[in-house]
Amino acid sequence: MSRRYFIAGNWKMNKTSSEAAALAQGVVEAVGNVSNVDIAICPTFTSLETVEKIIEGSNVKLGAQNMHFEKSGAFTGEISAAMLRELHCAYVILGHSERRQYFKECDCLINKKVKAAVASSLKPILCVGETLEEREANKTIEVVSTQTKGGLDGLTAEEALKVVIAYEPVWAIGTGKTATPAMAQEVHAEIRKVLAGMFGENVAEKIQILYGGSMKPENADELLAQKDIDGGLIGGAALKADSFAALVNSAV
Ligand code: 3PY
């Protein structure tokens, strides 16, 4: 496979700065020298600067969990792409299902964020995924296709190469349930078809598509063995250095 594996930790609203520092230190010690896998950790905004100082010089990159699409202005509580870049963020998670669900983020808003991130040289990790009701109504492919098209609308092929997609079935997030490797592969292949339709096959073949949703060391090998699964966006298992390191090592 020409695509590199990518293991990214989504720490969500966990860890104070001192706790984040300890976790980042553990990650760097365990996998900071791994050079054949892309690795990122995404702490809360308040820990970005602390974590950046710890991972500096290692192969572990920094990511944020959200951002606003405007450059600056009267948007109380929000953070811009330039602010994240100044803290050396390389990635930003956008459109996570928790933001879609609890903060009512829609594809149109997420698309603005994706464009703003790419324009600021931040790589968006665009999350897509169906709810349990949608899966049971056989709407998985429709939902995931609409979210992918909506999130990437208006991007050029060159810009699309700067995006990572994460397929995270909502019913598998934080529930301990995981899509079987075959179920996940089927959706990843469909996402790649959508990407090929939008940007051409060559570009689609180069875009990393991660699996997220209770990925852990016990199920990583089988998931990563699938043709279109290029890594994982890791929730709970990213909150301990040893389990995160085990996931990175599965991808080595
Ligand atoms: C999870 O695995 O819980 C995630 O939501 C990763 O983003």
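J.: An account of the layout of surface pockets is needed here, citing residue identities and associated values.
T.: Looking at the largest pocket, its volume works out to about 490 Å³. For the largest pocket, the lining is made up of 17 residues, of which Lys12, Met13, Gln65, Arg99 and Phe103 are closest to its centre. Counting residues per element, the lining of the largest pocket draws most heavily on helix 4 (residues 97–102), at 3 residues. Taken as a whole, the second largest pocket spans an internal volume of roughly 170 Å³. Around the second largest pocket sit 17 residues that line it, and Lys12, Gly174, Ser214, Gly235 and Gly236 are the ones nearest its centre. Looking at the lining of the second largest pocket residue by residue, the class counts come to 5 nonpolar, 9 polar and 3 charged.

J.: So what about empty space enclosed by the protein? Which residues, and what values?
T.: Taken as a whole and assessed by the stated rule, the structure comprises 1 cavity of 30 Å³ or more. Its boundaries defined by the atoms lining it, the largest cavity holds a volume of some 30 Å³. Those elements that place two or more of their residues in the lining of the largest cavity are helix 4 and strand 5 (123–128). Its residues assigned to classes, the lining of the largest cavity shows 3 nonpolar, 4 polar and 2 charged.

Rules used throughout
Residues numbered from 1 in each chain as written. Predicted model: local features only at pLDDT ≥ 70, side-chain atom pairs only at ≥ 80, totals over all residues. Heavy atoms only, no water. 1 Å grid on protein atoms, 1.4 Å probe; cavity = no way out; pocket = protein on both sides within 12 Å on 5 of 7 lines; lining within 4 Å. Points joined across faces, edges and corners; volume = space filled by probe spheres on them. Helix = DSSP H or I, 4+ residues; strand = E, 2+ residues; numbered from the N terminus. Nonpolar A, V, L, I, M, F, W, Y, C, P; charged D, E, K, R; others polar.

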